[in-house]
Amino acid sequence: MFDHLSLLSFASGGWGSALLAGALVTIALALSCLPIGLPLGLAVALASRSKKRWLRALATVFSTVFRGLPELLTLLIIYYGCQIAAQKILAALGYQGEVAINTFVAAMAAFSLVFAAFSSQIWLAAFKTLPKGQYEAASALSLSKPTAFRKVVFPQLLRIALPGLSNNWLSLLKDTSLVSTISLVDLMRQTNLAVSVTKEPMLFYSVACFGYLFFSAISGRLFHYLEQYFSRHQRSVRP
């Protein structure tokens, strides 16, 4: 048993450092998708509510495509498709060298698009549950539309959308394991390498399970705190 546990050490011959580095890549990739996916999802939801038909059509196509395609297929299309497109464009400009897309950037782009597509539906549902009186009250206070959205509408939207967004985040966290297919060395990739070298699948897959469950538990506590924070005004007015 101690021989098995020594495989997880951070000393020479142990896989502790490699697994920790892979776990950091996993969480960094998931976190890097949020600044792109959340605003883009909100923009898609706003476009879906637009009075302009072409905007609504564009939002529908975006949401349908990236919710309908498997995440792995989206990842592979973006990773290989961007390389092929960049190669052809540069070749047309006279550059004959090889073009390589950074695997982390490709994965970030792919998962951000998927996250935006799914989160757009959460934002749309939040819009539908928001009372129309909020807009009328903001108009009565002579607030401009951008100010009313930023100070009145968006905080309430975020409170309503948080439970759904937390589920999307957990799905994103799990989907990052797919990046091992494009050789990005995340937690799952390091786990597979360790298994292939040591022939100890149960040990290392159990460690990977613990890693993902740990990230999920921390995320759950964080979203619970955010939900309480954005609901503090509601609690203060209850009898």
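Residues numbered from 1 in each chain as written. Predicted model: local features only at pLDDT ≥ 70, side-chain atom pairs only at ≥ 80, totals over all residues. Heavy atoms only, no water.

Draft legend 1. Here's a closer look at a nonpolar patch on the surface. A contiguous nonpolar patch, built from F10, L20 and L24 and spanning about 330 Å² of accessible area, is present on the exposed surface. Looking at the secondary structure, you find L20 in helix α2 (residues 16–48). (Patch = residues over 30% accessible without salt bridge, like charges linked within 9 Å, V, L, I, M, F, W, Y side chains within 5 Å. Areas by Shrake-Rupley, 256 points an atom, 1.4 Å probe, with all protein chains shown as cover. Salt bridge = Lys/Arg side-chain N within 4 Å of Asp/Glu carboxyl O. Helix = DSSP H or I, 4+ residues; strand = E, 2+ residues; numbered from the N terminus.)

Draft legend 2. Up close: the nonpolar core. Membership of the largest hydrophobic core comes to 44 residues, with the highest contact counts inside it found for A107, F111, W123 and F204. Listed by contribution, the elements that provide at least two residues to this core are α2, α4 (71–92), α5 (103–129), α7 (145–175), α8 (187–198) and α9 (201–230). With 10 residues, α5 is the single largest residue contributor to this core. Contacts of F204, omitting those with residues within four sequence positions, involve L7, L8, W15, L19, T191, A194, V195 and T198. A47, A59, F62 and A116 belong to the second largest nonpolar core, which has 7 residues in total. (Core = buried A, V, L, I, M, F, W, Y, C linked by side-chain atoms within 4.5 Å. Buried < 20%, exposed > 50% of the residue type's maximum accessible area, 1.4 Å probe, protein only. Contact = heavy atoms within 4.5 Å.)

Draft legend 3. Spatial organisation of the environment of A106. Within the secondary structure layout, A106 lies in helix α5. Residues A106 and I78 lie 28 residues apart in sequence; the distance between their C-alpha atoms is 6.4 Å. Discounting chain neighbours no more than four positions away, the residues touching A106 are L75, I78, Y79 and I101.

Draft legend 4. Broad picture of the environment of G14. Mapped onto the elements, G14 comes out in the loop between α1 (2–6) and α2. In this structure the C-alpha to C-alpha distance between G14 and A194, which are 180 residues apart in sequence, comes to 9.5 Å. Those residues within four positions of G14 in sequence are excluded, and the remaining contacts are S6, L7 and S9.

No statement about biological role is implied by the geometric values presented.
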